[in-house]
Amino acid sequence: MQANHDSFGARSTLTVGEQVFDIFRLDALASRFDVAGLPFSLKVLLENLLRREDGETVLASDIEALAGWDPDAEPSREIAFSPARVLMQDFTGVPAVVDLAAMRDAMRELGGDPAAINPLVPAELVIDHSVQVDAFGSPAAFRVNAEREFERNRERYAFLRWGQRAFDNFSVVPPDTGIVHQVNLEYLARVVFVERGAPRPLAYPDTLVGTDSHTTMVNGLGVLGWGVGGIEAEAAMLGQPLPMLIPRVLGFRVTGELRQGATATDLVLTVTERLRAHGVVGKFVEFYGEGLARLPLADRATIGNMSPEFGSTCAIFPIDAETLRYLRFSGRPPELVSLVEAYAKEQGLWHDADSPQPRFSETIELDLGEVEPSIAGPRRPQDRVPLARARAAFREALAGYVAPESREDESLAQSFPASDPVATHVANGAAGETEKAGKGGHDGRRRDPVAVSLADGTKFELDHGHVVIAAITSCTNTSNPSVMVGAGILARNAVARGLRSRPWVKTSLAPGSKVVTEYLERAGLTEPLDALGFNLVGYGCTTCIGNSGPLAAEISQAVAQRDLAVVSVLSGNRNFEGRINPDVKMNYLASPPLVVAYALAGTMDIDLEREPLGTGSDGRPVFLRDIWPDAEEVGHTIAEAVRSEMFRASYSSVFDGDERWNALKVPEGDAFAWDEASTYVRRPPFFEGLRPEPEPLSDIVGARALAVLGDSVTTDHISPAGSIKRDSPAGRYLIEHGVEVREFNSYGSRRGNHEVMMRGTFANIRLRNRLAGGAEGGVTAYLDDDGEGELMPIYDAAMRYIARGTPLVVLAGREYGSGSSRDWAAKGASLLGVRAVIAQSFERIHRSNLVGMGVLPLQFADGDSVDSLGLTGRERFTITGIAGAERVPETLTVRADESSFQVRVRIDTPKEQDYFRHGGILPYVLRQLLRSGARR
C-alpha cells in the first residue's frame with residue numbers, strides 16, 4: 001500500500017459484516033466544497049486523487065481543484081488518473097506485450113534492470129479478435145473456425161503465454177471464451193476494488209483503462225473507465241498515472257420507457273445520433289433521471305459500449321439497486337455485493353429516487369418512449385435511419401457507391417420502382433431455381449443484375465443493395481439478452497411460417513460469451529437460428545472487427561464483375577468504410593432481430609413495414625409484423641431461460657483454456673527470444689539507439705504531404721484491421737517471406753510485426769487521398785523537387801521520402817482518427833516519417849496516440865481548412881518555433897510555399913509536453929524508470 005500525504009484527513013474505515021476496510025472518505029472535504037453535488041464520475045476521480053496524493057504526482061491543490069469543480073469552466077487543470085487495472089484484447093494486447101518485451105531489452109542495453117519493466121497494476125487480456133468466419137451456416141462452423149484460428153495464430157498465442165509467464169500481474173483469457181467487454185462486464189469487473197495490505201485491506205472504486213475503445217461498456221455497471229492507446233496502457237501498467245484535464249460533464253436525463261417494438265439497439269442508435277450531433281468529444285457523459293429505474297443493466301451496458309461512437313470519454317451510470325441485482329445474478333460473491341452496496345452508500349455514490357441531482361456542465365433529455373426502430377449506415381454509427389425510412393435512405397445513398405457509367409441516364413436513387421409485387425418473391429432458397437428477390441431488376445430503368453450459380457446448384461441474381469452478410473456479432477448487442485432472445489424468437493416464428501434466409505446471405509452468430517449460447521439453447525431458440533443459417537461461428541468480434549471471412553467465390557466474382565454495391569447488416573458498433581469486408585461497400589448496424597429480418601429479405605431495398613419478407617409455406621406473404629417478437633414474450637423467455645448458475649459455470653475455469661491452448665510450445669526466460677524469420681512477432685524499432693537523455697526538439701523544414709484527406713477519416717482508414725490484399729505492400733512483404741496468400745491472416749493479427757503494419761498504414765481500400773487524383777486506396781503522388789507527382793503506394797512513397805531525408809505531414813478535415821483506439825494508426829504514421837498531422841479536429845484517443853508516438857497534432861484555426869486556405873498538398877511545408885523548446889508553443893505558423901497560416905498545437909497537458917519532448921510516452925517512461933534507480 002503506497003504512502004499517502006492525506007492532507008485532508010480522508011483516511012478512515014468501513015465495516016462490512018465482520019470485515020474492516022480502509023477507505024478515503026469523500027465527505028472529508030464536505031466542509032469546504034459541495035462534494036455531494038458532484039457528478040458520480042467526478043466523485044470517483046476525486047477519491048482517486050485523495051488516495052494517490054503523494055506531493056509529487058498528485059498535489060493537495062489538485063484535490064481542491066477537483067472538489068471545487070466549476071461545471072461551466074473549460075477544461076484547463078491537469079490531474080493524474082491512476083486506474084486500478086488495465087484491460088486488453090489480443091489485437092491491441094499483442095503489440096503492447098511486444099513493446100514491453102522490447103523495453104526490457106532496451107533497459108538492459110542502457111544498463112538498467114529489465115525486471116523494472118513489469119506491470120504494477122493488474123493487466124487482463126482477453127483473446128477475442130482473432131477468430132474469423134471461414135465456416136458458417138453449419139453445425140461444424142464453430143469447430144472449423146476455432147481450428148483455423150489456432151492454425152493462423154499459434155505463434156501469437158505462444159507469445160502471449162510467454163508474456164503471462166514472464167510478467168507479474170498479467171492474466172490471459174484464452175481464445176473461444178468470449179468478447180473482452182462482455183467478459184469484463186460478466187466477470188472481471190469488481191465495481192469496488194480491494195487491495196490487500198496491512199493492517200487492513202483498502203477498498204476503492206474499480207477503475208480501468210482499456211486498449212479497446214469500447215472499454216466504456218463497463219460504464220453501465222458504474223465502473224469508470226475508457227479506451228486509451230496501447231502505449232498509454234503500457235505506461236499505466238508500469239505505474240505511470242495518466243494525465244487528463246478535469247472534464248466537462250454532460251448530464252443525460254432519461255425519462256419514460258421503451259415502447260413496444262423498440263429495442264436496446266434502437267435506443268443506443270438514438271443516443272449516439274443525439275450526442276454526436278450535440279458534440280461531446282472529450283467530455284464525460286453521465287446518465288440520470290427517473291427513467292434509469294426502467295433501464296436494465298444490459299441496456300445500460302449497450303449504451304456505454306457506444307461511447308466512442310458519439311465521441312465522449314465515458315458514458316457512465318451510477319451504482320444503484322440494478323447494479324446489485326446484476327452482480328448477484330452474474331454470480332459475483334455475496335461478500336463483494338455487500339461491499340459494493342455499503343461502500344457506494346457511504347461515499348455518496350449510490351443512486352435512488354431520493355438522490356439529489358448532480359450539477360452538470362450541460363444537460364440533454366430523452367424520453368424513452370420517443371425511441372423508434374432504427375438502423376444506422378451506410379458508413380457511420382451516428383447516421384441513424386428510422387426503419388420506416390430505411391429503403392428511401394438506402395436509395396439516396398446508393399448513387400454515391402455506384403460508378404457513373406452504370407447509372408445510364410438516371411440516378412440510381414430514382415431507378416427503383418416505388419413498390420414491388422409479392423409475386424417477385426419466390427419461395428426462399430430453392431436450389432436449382434433462379435431467385436429474384438432484388439428490387440427493381442424488372443423495370444427496365446437500370447442495368448440487369450448478375451446471374452450467379454453456386455457450387456451446390458443454387459441459382460439467383462445478385463444486384464445493388466443485396467444483403468450478402470448478416471451477422472449477429474459484436475460486444476454491443478450480444479451482451480443483451482433482450483435483443484438476443486428477440487432474434488431467436490423472430491427466427492422461430494419465421495421458420496414456423498416456412499421462411500429461410502436468402503441463399504446469397506452469409507449468416508453468422510458470434511455471441512459475446514458462452515452464457516448466451518446456454519440461454520438460447522435452454523429457451524429452445526438455437527434450432528430455429530441454426531435453421532436460418534445463424535449457427536455458432538465463434539466467441540469473438542468476428543464481422544464487427546473485419547473478420548467476416550470471404551464471401552463465396554461466385555458471389556465475390558459477381559460483385560467485382562459489375563462493381564455491385566452490396567450490403568452487410570450486423571448487430572455491431574462499427575460500420576466504417578472498408579472495415580467489414582473488401583467486397584461490401586455499404587454497411588448497416590441493426591438490432592439482432594433486424595439482422596435476421598434482413599437475412600430473410602435479402603436486400604436493403606425493401607420497406608419492412610409495408611412489404612413482405614417473403615412467401616410462407618402456405619403461399620401467403622409474410623410481413624415483419626407477423627413474426628416480430630412480443631416484448632412480454634421476450635421478458636418471459638429471459639426469466640425462464642437465463643440462470644445465475646450459467647455465469648458461475650462459464651467463468652469457473654475462465655483462464656484454463658482448452659487442449660490446444662495448453663499444448664502450445666512456450667518460450668522460456670524473462671527476455672523474449674526474437675525470431676528474425678517471424679512474420680508475426682518482431683522486435684520493434686522504437687527503442688533502437690535510444691539514449692539516456694532525449695534529443696533537442698527540432699523544426700519541421702521542407703516537408704511534403706504524404707496524404708490530403710477529408711472529414712471523418714477513421715483509424716480504420718489509417719490502419720485497417722481486416723484482410724491483406726495480395727498486391728499491397730504488406731501482401732508483397734508476406735509473399736517474399738514465404739507466406740501463402742491463404743495464410744495472410746489479417747492486419748489486426750499481424751500487429752506484432754512492424755514491417756507488416758507500416759506497410760499497411762493508410763492501406764484501407766476505401767481511403768480517398770486527394771493527392772491520388774481520384775484513385776481509391778492506399779496510394780499517393782510522390783513529389784519530386786519540381787512538384788511533379790508519380791502515383792505509387794503510400795508506403796513506397798514514404799520510403800523514398802525517408803531515403804531523401806524529407807519529413808512528411810498529413811493534412812485532414814474534421815474528426816481525424818475517429819473510431820478504434822488503434823495504436824498502429826499513430827505508430828505506422830511515425831515509422832513512415834510523418835512528423836505532424838494538420839487537421840480541423842481530432843478524436844480524443846488518436847490525438848493522444850499521436851503525441852504518444854512523437855507525432856505533432858496541429859489543428860487549423862477556426863474557419864480554416866485545406867479548402868479555405870487553397871492548399872493542394874503539393875506545397876512544401878515548414879513549421880518553425882519548435883527547435884530547442886522545452887515546451888512546444890500553443891500556436892505555430894505553418895509556411896506552405898509562399899503562403900502561411902496559424903495552427904493550434906494539440907498537446908493538451910503538461911505531461912504530454914514531456915512525452916513529446918522525449919519522442920513519445922514509452923521512451924519517457926523508460927528514462928523515468930532508469931532515472932529512478934532501476935539499475936542493475
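Structure shown above.
An account of the accompanying structure is given in this report. (Residues numbered from 1 in each chain as written. Predicted model: local features only at pLDDT ≥ 70, side-chain atom pairs only at ≥ 80, totals over all residues. Heavy atoms only, no water.)

## Re the packing of aromatic side chains
Which entries qualify depends on this criterion: Only Phe, Tyr and Trp rings take part, Trp by its six-membered ring, and two of them pair if their centres are within 6.5 Å. Stacked means planes under 30 degrees apart, edge-to-face means over 60, and tilted covers everything else. Starting at the N terminus, helices and strands are each numbered in turn, a helix being any DSSP run of H or I of at least four residues and a strand any DSSP run of E of at least two. Exposure is judged per residue with a 1.4 Å probe applied to protein chains only, and the accessible area is read against the type maximum: over 50% gives exposed, under 20% gives buried, and values in between give partly exposed.
Overall, the coordinates contain 22 aromatic pairs when judged by the stated rule. Relative to Tyr539, the ring of Phe142 has its centre 5.6 Å away and its plane inclined at 75°; by these criteria the two rings are edge-to-face. Of this pair, Phe142 sits in helix α4 (residues 141–166) while Tyr539 sits in the loop between α16 (526–531) and α17 (553–562), placing them 397 residues apart in sequence. Assessed through its relative accessible area of 25%, Phe142 is described here as partly exposed. Looking at Tyr539, the relative accessible area reads 6%, which means it is buried. Ring plane angle 40° and centroid distance 5.0 Å describe the contact between Phe252 and Phe287, whose orientation is recorded as tilted.

## Observations concerning the side chain of Ser644
Note the following rule: Counting of polar contacts relies on pairs of N or O atoms within 3.5 Å, with two restrictions inside protein: one atom must be capable of donating a hydrogen and the other of accepting it, and residues adjacent in sequence are counted only when both atoms are side-chain atoms. The contact definition used throughout considers only heavy atoms, calling two residues in contact when any of these lie within 4.5 Å.
Summarising the element assignment, Ser644 is placed in helix α21 (residues 644–651). Judged by its relative accessible area of 14%, Ser644 falls in the buried class. A polar side-chain atom of Ser644 sits 3.1 Å from a polar atom in the side chain of Arg648. Among all residues touching Ser644, those that are not within four sequence positions of it are Arg328, Phe329, Ser330 and Gly331.

## Quick look at the nonpolar core
For clarity, the threshold we go by: We call a set of buried Ala, Val, Leu, Ile, Met, Phe, Trp, Tyr and Cys residues a nonpolar core when their side-chain atoms join them within 4.5 Å.
Grouped together as the largest cluster of nonpolar side chains are 306 residues, with contacts concentrated most on Leu462 and Tyr816. Here the element with the most residues in this core is helix α3 (residues 90–109); it accounts for 11 residues. With near-sequence residues (within four places) excluded, Tyr816 lies in contact with Leu709, Val713, Ile718, Phe762, Val810, Val837, Ala839, Ser841, Phe842, Glu843 and His846. Val133, Ala135, Ala141 and Ala510 belong to the second largest nonpolar core, which has five residues in total.

## Digging into the sheet that holds strand β14 (residues 314–316)
So the rule is basically this: Strand pairing requires that DSSP identify at least two bridges connecting the strands. Angles run from 0 to 180 degrees between N-to-C directions of axes, and those axes are lines fitted to C-alpha atoms, restricted for helices to the stretch in contact.
Overall, parallel pairing links the four strands, which are arranged β14-β13-β12-β15 in an open sheet. Here the strands that pair on one side only, and so sit at the sheet edges, are β14 and β15 (362–367). In this sheet, neighbouring strand axes are inclined to one another by 20° on average, regardless of whether the strands run parallel or antiparallel. Bridging between strand β12 (residues 249–255) and strand β13 (residues 284–288) involves five bridges; their strand directions are parallel. Each residue of the ladder has a partner; that of Gly251, found in β13, is Glu286. Contacts from helix α1 (residues 40–52) reach β12, β13 and β14 within the one sheet, and its direction differs from that of β13 by about 120°.

## Observations regarding the sheet that holds strand β5 (residues 123–126)
As summarised here, the arrangement of the five strands in space is β6-β5-β4-β9-β10, forming an open sheet in which the pairing is parallel. Because the sheet does not close on itself, it has two edges, and the strands there are β6 (170–173) and β10 (224–227). Taking each pair of neighbouring strands and ignoring which way they run, the sheet shows an average axis angle of 20°. Sheet topology places β5 next to β6; four bridges connect them, and they run parallel. By the bridge assignment, Leu125 is partnered in β6 with Val172.

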